[in-house]
Amino acid sequence: MPRSMTYRDALREALREELIRDERIFLLGEDIEDPFGGTYKVTQGLTEEFGHDRVRNTPISEIAITGVALGAAMTGMRPVAELMYVDFAGCAMDQIMNQIAKMRYMSGGQVEAPLVIRTQQGTGRSSAAQHAQSLEAMFAHIPGLKVAMPVTPYDAKGMLKAAIRDPDPVIFLEHKLLYNTTGEVPEEDYVVPLGVADVKRVGTDVTIVATSRMVLHALDAAEILAKDGISVEVVDPRSIVPLDQETIFDSLRKTHRLMVVHEAVERNGWGAELCALVMDHCFDELDAPVKRIASKNTPVPFAPVLENFVVPSVEEIVAGVKDLLV
Amino acid sequence: MPRSMTYRDALREALREELIRDERIFLLGEDIEDPFGGTYKVTQGLTEEFGHDRVRNTPISEIAITGVALGAAMTGMRPVAELMYVDFAGCAMDQIMNQIAKMRYMSGGQVEAPLVIRTQQGTGRSSAAQHAQSLEAMFAHIPGLKVAMPVTPYDAKGMLKAAIRDPDPVIFLEHKLLYNTTGEVPEEDYVVPLGVADVKRVGTDVTIVATSRMVLHALDAAEILAKDGISVEVVDPRSIVPLDQETIFDSLRKTHRLMVVHEAVERNGWGAELCALVMDHCFDELDAPVKRIASKNTPVPFAPVLENFVVPSVEEIVAGVKDLLV
Amino acid sequence: MECKIKIEKGKHLELLTLMNRIRLFEQIAEELFLHGEVPGFLHSSIGQEASAVGVCAAIGIDDYMATTHRGHGHVVAKGGDVNRMMAELYGKVTGYCRGKGGSMHISCRELGILGANGIVAGGIPITTGAALSAKMRGTDQVAVSFFGDGASDEGAFHESLNIASIYKLPVLFVCENNHYAESNPQAKHQNIKDVAVRAKAYNIDSVIADGTDIMDVYQKTLTAVEQLRKGNGPILMENKCYRWSGHYVGDPAVYRPKDEPLEWKTNRDPIKLYAGFLMENKIADSKELEAITEQETKRIWDAVEFARNSDDPDLTVAMEDVYA
Amino acid sequence: MECKIKIEKGKHLELLTLMNRIRLFEQIAEELFLHGEVPGFLHSSIGQEASAVGVCAAIGIDDYMATTHRGHGHVVAKGGDVNRMMAELYGKVTGYCRGKGGSMHISCRELGILGANGIVAGGIPITTGAALSAKMRGTDQVAVSFFGDGASDEGAFHESLNIASIYKLPVLFVCENNHYAESNPQAKHQNIKDVAVRAKAYNIDSVIADGTDIMDVYQKTLTAVEQLRKGNGPILMENKCYRWSGHYVGDPAVYRPKDEPLEWKTNRDPIKLYAGFLMENKIADSKELEAITEQETKRIWDAVEFARNSDDPDLTVAMEDVYA
Ligand SMILES: Cc1ncc(C[n+]2csc(CCOP(=O)(O)OP(=O)(O)O)c2C)c(N)n1
Ligand SMILES: Cc1ncc(C[n+]2csc(CCOP(=O)(O)OP(=O)(O)O)c2C)c(N)n1
Ligand SMILES: [Mg+2]
Ligand SMILES: [Mg+2]
């Protein structure tokens, strides 16, 4: 029986069910223990249920959080580490990029690093330049990492379970503006495998590939465009590594027009990679150049008017789709 | 009068001349002092000439190296910091991405961060996964940074001077296999401005945009292809931020076929960004999809046979160009 | 509270004025935030005023200072204009950073304020670099880095103190130990009571002050800064204090024992303590003190008016200052 | 050299054998590297054998160990197979990492060797995580992290020791203080003589050993490991030693006073010291000792043959192990 629940609760339920399922799993991060329960309250109640051993606060030490998670993962545990903000990955980047991502490879396949780094990213709360970045493209550029970006509570729960059960390290990117959004979530155990895109809306004129919160913008834009008789298909890759190229290309083969929307800055963002993949595989299907809609190439400004201005808006998407069709 | 000198010596000459020109400039980094003179010996002799104050060793502390450089730059100095390998940027990423890159913006333009981070990257010496990455795409994704990648001794010297004189932070990416290569360098003071591409070979059939050491591969490939009557134009953007799009697009408008070659891994590499830019600006000029040639999506393996295999080769470029022409 | 040095009355009143200004700035900003008028996050420094004012009173305008997410007090203490500060909190173009920084990134070039910082410990290496710069330029400037107990667990703290020690830099590392790192009590994030012991790892001097006692902080900072200006190398100062509010405005701070804040508020209110000291020693009477509170209350509400009446930044401002 | 505990002759000879094996492995690899047969970098641990063998002799195969760029000795001491090690140096498919790691990344899952590491201090947090894992799984395993004096300036060192202290983890942090970080002498990279003092910053125990005296290292490690297994929390051990060669093979090490290496080689050769001790105490005679050297010389040259005769990895190997 599906129930309506928030993205936050769906994530918590995934953690809880996995903690019950497999005792090798434990959580570590800053301020995740009760009664505080995490800055975005995802882990609330879990210490009470599972104890301070399996849900453990760390000092403010991102190198240690990620490095300790790796060492534990290499020796039989299945840690789920939390970085409070994706921006703090800067502090832990050596462990993420040089150790976690490469351990399996450097060891010639001897060891695994089955760990998850849960974190949240994105704008929308006037968090300014050091608390509102979207960094999926950086992670996607590092071979060895998987990168998940769920938008709905259903995806959030199912993908977090998939990530935890995955034998490889997964960067799990939540979005700070989604925690209070609601959606249906089944009661039974289920998993949304990484690398399977989801067509969030079926359409025939234009394909929009959007990630994370931008999926919601794309759906809003599609609704508006429908009134003008424009039929938009919205494809959510859900994870960008691994990437379900086929679902995207199938949609393109139908619509022949593609837009990619993300909240990370445009330059060298993931949209560029999608453009390149389309070049490689579907060039002849294109009736127009792929259109990128992404944040402007600036740090995230604090003032709400400016923050809104640098991030893609529904109106920009609507206008962009119309451009694509002329 | 131009003289032939190595890339290493050209870099050293730039540092030396700038140290003489402006006393706000100083160098800091691991093992850069004499008699060691740096792992790649670029700074050799400079301590003797300028003293330990202006050419200073640091502890093994990449956070401190970059953070101290920033603090000094904000208060009237012009530091040139060295990260021994670009891979170690992982240890300093918070300072690079959250502090250095964003300081001007976050302060609303009150402060400047005129500093250079010199480092070297790339494969070719069996340095394995943690000493052979190419990370320009990561830096290019961070608004506020400039990214320079010289290939010739001439460019190396002129661009390093431009970087040092620049009011913004510049990530200056040398290549470990280039230090012993030679080329002509004028005796007079000159600067190669950032953001000005260089057509390294003129041609009419295909444009290859290549960066760093891959420019040499592209030139070798062009030589081979010339024997088959194929005329290749090789464009070296020299810096990818700022990027001289016009020179690239002008070449494309002539050849209508574009290949991009870099040594970083393909997924979300800078080649993707170029594909996207071409989509945005020159789609109709394309007679074929842009072809990306880049390293395979793996960490860099140690064994020479494997390292060679994952990195683009001249043969691959030759074959790719032929593909582009069918 | 004890004052072993000669301090003019005017100076005393100035210190108390600044402490009041901080308290009122925080209280009023908090209120406006809870009413939804101020966007983003706010981290209040109420309870820590003696540390901010005591330290900054001992350095000059030419000296450098960098702070943290909990930085309003330090900016005020270093001479910050509350109009421009409040406008920054509102994201207005008249703010210190033209609305692009917000509470966590206030900086002021003219006052040597290198910036608040959203990254815990992120400002420590930067301050260290400013100290190196001062030393290389041959000035007698010093640099002060404020940070919390939690920040002293970050790698950036360690690397900065080590390099400052090696280079003998004129930097004062000021740990405001308020006994919590967000929700995590000190005993759960570090196995030491005094952050000051960490100085031993770098062979530098340390000093512990009562961070609720402005005279203690001020006098110890004066001594420390004297050492710094002599070129004797960095010093780690630890000011024991307490943040009265939650970690951020809106945090109910349920992770603290109920009577703990009460105890600090009742018995160790830095402003009450200082006011009491001034009256006991007949340096000022209650009327004078009330006048200060009144004046500062008006000043902050004026700042609110200033902020409210200021313009939002033009959209073009978003595209400026990425590069020169 | 002093031995206060009962050690069987067999054990003594085993220790000396391992020290010889390390010395010869390094010497021969160095030679082959200089002849261009071995690609990449090599960092020789000659002069530091007593630390590697003394520490690893005090832990078991089930215990974890992680090391650095200068890790051959530690891998041998933990029981590493020199054939697979040498093959890895050659980039052959029979190497521990199938030729994908090379000298700086040798690891061995079965022996609990979590890996050498190309990033200075990069292995310290990982070892700390292995210790947490052992503790959570309720085993009595310990984890040993080797690193250098230079590494103790990295943020990763600081964060690891702090978290290990808070969590009371069974991890032995072993700093091999060879007095240089690449070309930088200790006095230029840290303002302390004993890295061990840094334990105070985390309120953990420390112990200093003579890293050229295997009996000293061995006995102190035994005591430390006993503490770890009792759950008393992490310990910082500092083994004072010296690397005889340059930082990497090919580095002429001109940054060192000329007579410094000579002094260490002559008077503090860990193998000579131990051999002398064994003979003085009539535990072994010179014939036995020579036999060991001979046997180990042969073993290493056999390893070279093994490596030479092994295949390069197939190109498909490059694409494997990125993901499961
Ligand atoms: C690198 C980094 N990690 C985590 C955070 C989130 N965070 C902000 S403030 C804070 C607590 C800081 O504690 P402390 O240093 O004691 O300062 P206080 O808040 O007590 O003044 C945390 C965990 C951050 N901003 N930056
Ligand atoms: C993060 C990082 N910074 C710098 C280096 C380059 N590097 C390799 S070894 C080394 C010196 C290490 O000194 P120490 O820790 O004392 O170990 P030792 O070499 O003396 O055994 C340096 C600077 C590196 N590999 N990683
Ligand atoms: Mg605190
Ligand atoms: Mg050393």
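Treat the numbers as computed from the prediction; the structure is a model and nothing was measured.

Regarding the site of ligand 2
Ligand 2 sits among 23 residues. The nearest are Glu62(B), His69(D), Arg70(D), Gly118(D) and Asp149(D). At 3.0 Å, a backbone N or O of Val120(D) approaches a nitrogen atom of ligand 2. A distance of 2.9 Å separates an oxygen atom of ligand 2 from a polar backbone atom of Ala151(D). Relative to its free-state accessible area of 580 Å², ligand 2 is covered by the protein chains to the extent of 97%. The class makeup of the residues in the shell around ligand 2 is nine nonpolar, seven polar and seven charged.

Focus on the sheet that holds strand β11 (residues 232–236) of chain B
All names here are of chain B. In space, the five strands of this open sheet follow the order β9-β11-β10-β13-β14, with mixed pairing throughout. Edge positions in the open sheet fall to β9 (198–201) and β14 (291–295), since each of these has one partner strand only. The sheet shows a mean angle of 25 degrees between the axes of neighbouring strands, taken without regard to direction. Judged from the four bridges that link them, strand β10 (residues 206–210) and β11 form a sheet pairing that is parallel. Bridge pairing links Thr207 to Glu233 in β11. Helix-sheet contacts for helix α8 (residues 213–227) involve β9, β10, β11 and β13 (258–265), and the interaxial angle to β11 is about 170 degrees.

Brief notes about the confidence of the model for chain C
In this model, chain C carries a mean pLDDT of 98, and residues with pLDDT of at least 70 account for 100%. Here the prediction assigns the complex a pTM of 0.98, and the interface score ipTM is 0.98.

A look at the relation of the copies chain A and chain B
Mapping chain A onto chain B leaves a residual RMSD of 0.0 Å; the transformation is a rotation of 180 degrees accompanied by 0.0 Å of translation along its axis. Taken together, these values place the two copies in the relation of a two-fold axis. Among all C-alpha atoms of chain A, that of Ala272(A) lies closest to the rotation axis, at 2.5 Å. Interface residue correspondence from chain A to chain B reaches 100%, placing this contact among same-surface, isologous pairings.

Brief notes about helix α12 (residues 314–325) of chain B
Residue and element names in this part refer to chain B. Between the first and last C-alpha of α12 there are 17 Å, a value that for 12 residues agrees with the 16 Å anticipated at 1.5 Å per step. Considered for burial, the residues of α12 that qualify are Val314, Ile317, Val318, Gly320, Val321 and Leu324. When α12 is viewed along its axis, its buried side chains cluster within an angular range of 165 degrees and face the same direction. Looking at the packing, one finds that the buried side of α12 touches β10, α8, β11, β13 and β14.

Some thoughts on the site of ligand 1
Around ligand 1 lies a shell of 23 residues, among which Glu62(A), His69(C), Arg70(C), Gly118(C) and Asp149(C) are the nearest. At ligand 1, the nearby residues belong to more than one chain, namely chains A and C. At 2.7 Å, a side-chain N or O of Arg70(C) approaches an oxygen atom of ligand 1. Here an oxygen atom of ligand 1 sits 2.7 Å away from a polar atom, N or O, in the side chain of Asp149(C). Expressed as a share of its isolated accessible area of 580 Å², the protein-covered part of ligand 1 is 97%. Residues belonging to the shell around ligand 1 are distributed by class as follows: nine nonpolar, seven polar and seven charged.

Some points on the coordination of the magnesium ion (ligand 4)
All names here are of chain D. The magnesium ion (ligand 4) binds to the protein through Asp149 (OD), Asn178 (OD1) and Tyr180 (O), with metal-donor distances spanning 2.0 Å. Written as a sequence motif, the donor residues of the magnesium ion (ligand 4) are D-x28-N-x1-Y. Within this pair, whereas Asp149 is found in the loop between β3 (143–148) and α6 (155–167), its partner Tyr180 is found in strand β5 (residues 180–181), the two being separated by 31 residues in sequence. Both residues of the pair, Asp149 and Tyr180, count as buried.

Some thoughts on the side chain of Lys157(A)
Residue and element names in this part refer to chain A. Structurally, Lys157 can be placed in helix α7 (residues 153–165). Residue Lys157 is classed as buried on the basis of its relative accessible area of 0%. A polar side-chain atom of Lys157 sits 2.7 Å from a polar atom in the side chain of Glu13. Once you skip the residues sitting within four places of it in the chain, Lys157 turns out to touch Arg3, Ala10, Glu13, Ala14, Glu17, Val185, Pro186 and Tyr190.

Re the environment of Leu325(A)
Residue and element names in this part refer to chain A. Structurally, the position occupied by Leu325 is in helix α12 (residues 314–325). Sequence separation of Leu325 and Asp205 is 120 residues, and the distance between their C-alpha atoms is 8.2 Å. Look past the residues within four positions of Leu325 in its chain and what remains in contact with it is Asp205, Val206, Ile230 and Arg257.

Some points on the coordination of the magnesium ion (ligand 3)
All names here are of chain C. For the magnesium ion (ligand 3), every protein donor is listed as Asp149 (OD), Asn178 (OD1) and Tyr180 (O), and the spread of their distances is 2.0 to 2.1 Å. Look at where the donors of the magnesium ion (ligand 3) fall in the sequence and you get D-x28-N-x1-Y. A residue is classified by how much of its surface remains accessible, and Asp149, at 0% relative accessible area, is buried. Tyr180 sits in the buried class, given a relative accessible area of 6%.

Quick look at the interface of chain A and chain B
Taken together, the 49 residues of chain A in the interface contact 49 residues of chain B. By the criterion of area lost to chain B, the three top residues of chain A are His141(A), Arg267(A) and Asn268(A), representing 17% of everything that side buries. The interface formed by chain A and chain B holds four salt bridges in total. The salt bridge partner of Arg292(A) is Asp280(B), with a shortest N-O separation of 3.6 Å. For the interface between chain A and chain B, the tally reads 25 residue pairs in polar contact (both at pLDDT 80 or more). When residues of the side of chain A that touches chain B are assigned to their parent elements, the largest contribution, eight residues, is made by helix α10 (residues 270–282) of chain A. In terms of residue class, the side of chain A that touches chain B is built from 30 nonpolar, 11 polar and eight charged.

Some thoughts on the sheet that holds strand β8 (residues 235–240) of chain D
Residues and elements named next belong to chain D. One open sheet accounts for six strands, arranged β2-β1-β3-β4-β8-β7; its pairing is parallel. Strands at the two margins of the open sheet, each flanked by one partner only, are β2 (113–115) and β7 (205–210). Across the sheet, the mean angle from the axis of one strand to that of its neighbour is 20 degrees, orientation sign disregarded. Bridge count for strand β1 (residues 64–66) against β3 is three bridges, and the pairing is parallel. What sits directly across from Met65, in β3, is Val144. Lying on the sheet, α6 is in contact with β3, β4 (171–177) and β8; it crosses β4 at an angle near 150 degrees.

Description of the state of the cysteines
All told, the structure shown has zero disulfides over all chains when counted by the stated rule. Here Cys91(A) stays free of any disulfide, with the sulfur of Cys91(B) as its closest cysteine sulfur at 12 Å. On the basis of relative accessibility, which here comes to 14%, the residue Cys91(A) falls in the buried class. Here Cys97(C) stays free of any disulfide, with the sulfur of Cys108(C) as its closest cysteine sulfur at 9.1 Å. The exposure class of Cys97(C) is buried, given its relative accessible area of 0%.

So, how was this worked out
Residues numbered from 1 in each chain as written. Chains lettered and ligands numbered in written order. Predicted model: local features only at pLDDT ≥ 70, side-chain atom pairs only at ≥ 80, totals over all residues. Heavy atoms only, no water. Near = heavy atom within 4 Å. Polar contact = N/O pair within 3.5 Å; in protein donor to acceptor, adjacent residues only side chain to side chain. Areas by Shrake-Rupley, 256 points an atom, 1.4 Å probe, with all protein chains shown as cover. Nonpolar A, V, L, I, M, F, W, Y, C, P; charged D, E, K, R; others polar. Pairing = 2+ DSSP bridges. Helix = DSSP H or I, 4+ residues; strand = E, 2+ residues; numbered from the N terminus. Axes fitted to C-alpha atoms, helices over the stretch in contact; angles between N-to-C directions. Contact = heavy atoms within 4.5 Å. pLDDT = per-residue confidence, 0-100. Least-squares fit on C-alpha atoms with pLDDT ≥ 70 in both. Expected span 1.5 Å × (residues − 1). Buried < 20%, exposed > 50% of the residue type's maximum accessible area, 1.4 Å probe, protein only. Arc of directions from axis to C-beta. Donors = N, O, S within 2.8 Å, 3.2 Å for Na, K, Ca; no water. Buried area = accessible area lost by both parts, 1.4 Å probe. Salt bridge = Lys/Arg side-chain N within 4 Å of Asp/Glu carboxyl O. Disulfide = S-S within 2.5 Å.

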